[in-house]
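A look at the structure
This is what each chain is made of:
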Amino acid sequence: MDSPSRRRLVVRYAVLAMVLMGTSRVQAASSVLIWPIDPVLEADQQASALWLENRGTETANLQIRVFAWSQSGFDDQYQNQRDVIGSPPVAKIEPGQKQLVRLTRTKDVPPGQELAYRIIIDEIPSAKPPTAEEGKTAAAIRFQMRYSVPLFAYGAGLWSKEDTTRPRDPKGIGLPDLSWRTVTVDGRPYVEVRNQGAVHARLTDVALKQGGQNKPLVEGLLGYVLPGAIMRWPAPGPIAGDPALQVRVNGAPQVQSVTPAR
């Protein structure tokens, strides 16, 4: 299970970059804490909760939207939907305050299926211009922060996230079924991962192992592969021979080897 420190992710962002009389100045505004970072809607739940907390010194104005999430062409696709609604859609959070976002389902998920969504949280820039010394308006560049939180909803008879507070039927646990291969596109090597399982796979600590050496694809999170999807990522270099792909799936305590595609 994830520790509280991992489940709560502080998103810090500077919103003002000031240029005044040839001197650059950066002013930090708000820090938004978001938890949990892996919300789910179980088959018997009509709603789930997402908390936003402003740890900064300025008011945080945020827009919350929920999109259907699919994968095709080795890329993530987002579509408008009304099956899961986030409320409120806009939040104004003062420094030190929290806001509950209620994620409510309006439609049941078919039995035995997992549906994927993305909760997109956008900063709404303040209309107030930054000021410089002596009341003059400073030149500024405002950076808009966007944070994306995955949300998975389950139909009857399927679950994937461990929860010691809920009774579970062991027969209903959903697992990814992964395979992989290497491909070359425009002279560049890639690693393709396919998921034929019932639930998503969150891939971290991914590396190619060959001759006693590990070559990481990326540090930390590589990405997700949804059920029935194939995703592709650049390899760390030329691939020779028959390397093994090792990966940590959905935060498992152990790294596992992924079966090569036939």
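This is a predicted model, so every value here is computed, not measured.

The subject of this paragraph is the overall build of the protein. When you go through the protein residue by residue, the secondary structure sums to 1 helix and 20 strands. For the protein, buried positions account for 40% of its 262 residues. By sequence separation, contacts in the protein at least 24 residues apart represent 66% of the contacts at least 6 residues apart.

A separate point is the confidence of the model for the protein. When pLDDT is averaged along the protein, the result is 86; 82% of the residues meet or exceed 70. For residues 1–28, every residue scores under 50 in pLDDT, and the model assigns this stretch 67 contacts once sequence neighbours within four places are set aside.

Core analysis: the biggest nonpolar cluster contains 28 residues, and Val191, Val193, Leu203, Trp233 and Leu245 have the highest contact counts within it. The set of elements that each furnish at least two residues to this core consists of strand E12 (146–154), strand E13 (178–185), strand E14 (188–195), strand E15 (201–210), strand E17 (221–225), strand E18 (230–234) and strand E19 (244–249). Residue contributions to this core peak at 4 residues, all from E15. Sequence-distant contacts of Leu203, defined by excluding residues within four places in its chain, comprise Leu178, Val193, Gly220, Leu221, Leu222, Gly223, Val225, Trp233, Val247, Arg248 and Val249. Among the nonpolar cores identified, the runner-up in size contains 22 residues, and Ile34, Leu62, Ile121 and Leu151 belong to it.

On inspection of all chains with the given rule, the structure shows 9 salt bridges. The salt bridge involving Arg181 is made with Glu192; its shortest N-O contact spans 3.0 Å. Here Arg181 is found in strand E13, whereas its partner Glu192 is found in strand E14, with 11 residues between them in sequence. Given a relative accessible area of 4%, Glu192 falls into the buried group. Salt bridges linked by common partners bring Arg65, Asp122 and Arg146 together as one network.

Time to look at the pairing of strand E8 (residues 90–93). One face of the sheet, then the other: side chains in a regular strand alternate in exactly this way. Across the two faces of E8 the burial differs, with Ala91 and Ile93 buried and Val90 and Lys92 not buried at all. Note that strand E5 (residues 60–72) and E8 share 4 bridges and pair antiparallel. When the bridges of E8 are listed, Asn61 appears paired with Lys92.

With that settled, consider the packing of aromatic side chains. Applying the stated criterion to the full structure yields 4 aromatic pairs. Seen in terms of ring centroids, Trp69 and Tyr224 are 5.4 Å apart; in terms of plane orientation they differ by 75 degrees. Their pairing is edge-to-face. Separated by 155 residues along the polypeptide, Trp69 in strand E5 and Tyr224 in strand E17 bring together distant segments of the chain. Across the pair, Tyr224 and Trp69 agree in class, each one buried. One aromatic cluster is present, built from ring pairs that chain together Trp69, Phe152 and Tyr224. Residue placement shows Arg118 over the ring face of Trp69; its charged tip is 4.2 Å from the ring centre. Here the guanidinium or amino end of Arg232 rests over the ring plane of Tyr190, the centre of that ring lying 5.8 Å away.

Turning our eyes to something else, we now look at unusual backbone geometry. In terms of backbone geometry, most residues other than glycine have negative phi values and most peptide bonds are trans. With omega at -10 degrees, the peptide bond leading from Trp35 into Pro36 counts as cis. Checked against the element boundaries, Pro36 lands in the loop between strand E2 (23–35) and strand E3 (40–41). At the junction of Ser87 and Pro88, the peptide bond is cis and its omega measures out at 5 degrees in the coordinates. Along the chain, Pro88 falls in the loop between strand E7 (84–87) and E8. Despite not being glycine, Asp205 has its phi angle at roughly 50 degrees, a positive value. Within the secondary structure, Asp205 is located in strand E15.

Analysis parameters
Residues numbered from 1 in each chain as written. Predicted model: local features only at pLDDT ≥ 70, side-chain atom pairs only at ≥ 80, totals over all residues. Heavy atoms only, no water. Helix = DSSP H or I, 4+ residues; strand = E, 2+ residues; numbered from the N terminus. Buried < 20%, exposed > 50% of the residue type's maximum accessible area, 1.4 Å probe, protein only. Contact = heavy atoms within 4.5 Å. pLDDT = per-residue confidence, 0-100. Core = buried A, V, L, I, M, F, W, Y, C linked by side-chain atoms within 4.5 Å. Salt bridge = Lys/Arg side-chain N within 4 Å of Asp/Glu carboxyl O. Pairing = 2+ DSSP bridges. Phe/Tyr/Trp six-rings, centres within 6.5 Å; stacked < 30°, edge-to-face > 60°. Lys NZ or Arg CZ within 6 Å of the ring centre and 35° of its normal.

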